[in-house]
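One letter stands for each residue in the lines below.
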Amino acid sequence: MSNTLPKLVILPLVDLIIDEAKPLISIYQNTLKAEHIASDEWALGELIGKPIGEVVNTMCHRGTSNFSEENISRLTNNISEQFTVLLGSKPKTPYSKEVHVFLDSIRSKGLKIGVTSWLNKETTEIALKAANLWDRIDGHTHGNSGYHHGTSPDIIFTLMRQIGIDNSDHVANVGKTKYDVLRGYHAQCKWNILIASDKDNTRWNAYPHTAIVGSIKEAASEIMSKSVGSDFFDILNKKNRKRGK
């Protein structure tokens, strides 16, 4: 791996800047329950990261009842409005102060900051402004722009185009979920850092990363370090060659 610093650092809005998705899952559950739609927490947890309309559509079609496109659109708008109200308030999260320290550290080196979001444009912008981050980032994505979410690298490539970065060797992707690290892997980001409180848990071995750290502070140290670890794409290719692939 190159010893130079990245030019762009990417963070996810949900699960990092605004803490976690649990309050959003509760809104999904309460709204869908009122419509007699089964909404198990585990199912919603697997869908978090997809745009709201896709989540609602999937949950509506899991049961035996038929829901019209009109009803799905109504529920999507209802949930979107609730998210906007929730995230428009000043976030009180354990990461809020750490995120600002992280940004100060990154920006002091002249690096660009990008934020990924599966929320709609209005809610994303309101959340960033409420967290006093609007003027401290260089680009962001949102859920109604038409590009793919989940593990697809599209939103990373979109941010790179926005900010003028043409090579993922210059990108550090930081995340807290399997979707975050798989997205960074498929985009072939040179730094692909997972933040996990249970970083020694072997379940993370299934998801390719360049480092697992316990906090965003440690992620900053990993990015700034001159010894950022081995190139995991090179390691993977060597393993494949040994296996005769």
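Refer to the structure printed above.
Fair warning: this is a prediction, and the values are worked out from it, not measured in the lab.

A separate point is the packing of helix H5 (residues 69-87) against helix H7 (residues 121-130). Two numbers describe how H5 lies on H7: the axes approach to 9 Å, and their chain directions differ by 10 degrees. Classed by the angle they form, the pair H5 and H7 counts as roughly parallel. Within the contact between the two elements, H5 uses Ser80, Phe83, Thr84 and Leu87 and H7 uses Glu122, Thr123, Ile126, Ala127 and Ala130. A per-class count over the contact of H5 with H7 returns 5 nonpolar, 3 polar and 1 charged.

This next bit is on unusual backbone geometry. A positive phi is found at aspartate 15, a non-glycine position, where the angle reads about 85 degrees. Here aspartate 15 lies in helix H1 (residues 13-17). Judged by its relative accessible area of 15%, aspartate 15 is buried. Look at glutamine 188: it is not a glycine, yet its phi comes out positive at around 60 degrees. Summarising the element assignment, glutamine 188 is placed in the loop between helix H9 (178-186) and strand E5 (191-195). Looking at glutamine 188, the relative accessible area reads 46%, which means it is partly exposed.

The rules we used
- Residues numbered from 1 in each chain as written.
- Predicted model: local features only at pLDDT ≥ 70, side-chain atom pairs only at ≥ 80, totals over all residues.
- Heavy atoms only, no water.
- Axes fitted to C-alpha atoms, helices over the stretch in contact; angles between N-to-C directions.
- Helix = DSSP H or I, 4+ residues; strand = E, 2+ residues; numbered from the N terminus.
- Parallel < 35°, antiparallel > 145°, perpendicular 65-115°, else oblique.
- Contact = heavy atoms within 4.5 Å.
- Nonpolar A, V, L, I, M, F, W, Y, C, P; charged D, E, K, R; others polar.
- Buried < 20%, exposed > 50% of the residue type's maximum accessible area, 1.4 Å probe, protein only.

Functional significance is not addressed by these values, which are geometric in nature.
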